[in-house]
Amino acid sequence: YVPKPVLCNDFQDVLCKFMKSRDFYITTGRDFEWAIRKYLLFLQDRGYSNIADISISDVKDFITGIGKAYSVATLRDIQCYVRQFHEFLHNQNFCALDCTGILSVRISKNHKEKDYITDKELSDTLAQIDTSTSLGKRNMAIILLAVSTGLRAKDISYLKLSDIDWENGEIHIIQSKTGGEVFLPLTVDAGKAIQDYILNARPQTNHSEIFISAVTPFRPIAAVSIRNMFAKYLKKAGI
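Everything in this summary refers to the structure shown in the same document. (Residues numbered from 1 in each chain as written. Predicted model: local features only at pLDDT ≥ 70, side-chain atom pairs only at ≥ 80, totals over all residues. Heavy atoms only, no water.)

1. Looking at the environment of glutamate 170
Note the cut-off: Where helices and strands are cited, they refer to DSSP runs of H or I of at least four residues and of E of at least two residues respectively, numbered from the N terminus. Only protein chains enter the accessibility calculation, which uses a 1.4 Å probe; a residue is then buried when its area is under 20% of its type maximum, exposed when over 50%, and partly exposed in between. We call two residues in contact when some of their heavy atoms are within 4.5 Å. The definition of a polar contact used here is a pair of N or O atoms within 3.5 Å, where within protein one atom must be able to donate a hydrogen and the other to accept one, and adjacent residues in sequence count solely through side-chain atom pairs.
Along the polypeptide, glutamate 170 turns up in strand β2 (residues 170-174). Under the relative-accessibility criterion, glutamate 170 is labelled partly exposed at 29%. Taking the C-alpha atoms as reference points, glutamate 170 and leucine 186, 16 residues apart in sequence, are found 5.0 Å from one another. Apart from the residues lying within four places of it in its own chain, the contact partners of glutamate 170 are Asp163, Ile164, Asp165, Phe183, Leu184 and Leu186. A polar contact is formed between the side chain of glutamate 170 and the side chain of histidine 172, at a distance of 2.9 Å.

2. Regarding the sheet that holds strand β3 (residues 181-185)
Using the following cut-off: Pairs of strands are assigned from DSSP output, requiring at least two bridges between the strands.
Spatial ordering of the open sheet is given by β1-β2-β3, a layout of three strands whose pairing is antiparallel. The open sheet has two edge strands, β1 (164-165) and β3, and neither has a second partner. Across two bridges, β1 lies against β2 in antiparallel orientation. Following the sheet pairing, aspartate 165 is matched in β2 by glutamate 170.

None of this, on its own, says anything about what the molecule does.
Structural data, given as structure tokens:
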């Protein structure tokens, strides 16, 4: 039997005050308390008993240390919880240390970068789309729009009829990820494909989004469906 580590009185007190300062959902509160307790135990093991004495190096060492033991998703959560804890400490004058910068650094997952698609591979992929069908007309329009603008799948799924300025050949949207307004050129090929879909294949629906599911109940196409659709054509093309 290994006894559970115990926080010193000062650390336990500041943890309790932090937890009482927020109206947490039960599960969220447990996650916060678990992460902050782990952080305070780390500092305690380093010989600290007063939160005001810690340094930026201590915070950095904690984050880099737990990165070896947890997944990227869990590490991001812990980083977020500790950042909010330090904001509380700063606002309540428990600690003057400003950790916003180091606790806001984006933690990225290590992965192999996928290669870009060559012109020939794109041609081979487009050749797999049967544009004599309603589904093919929609998918051709989506893929040509994606490769000509670089729009994310979610932004394409949200794209509305009113977002296209046909007279000036532009697309005006608010990006879902950044919240920023973007003006993009509508290429001739993509424009013709979208027109063909709207005029000859798009289901009759009250939805304002351009791209609609091919089967009932008709609804805007989901971003994951766009990704899966593109992957399907890549596979058919042997890419």
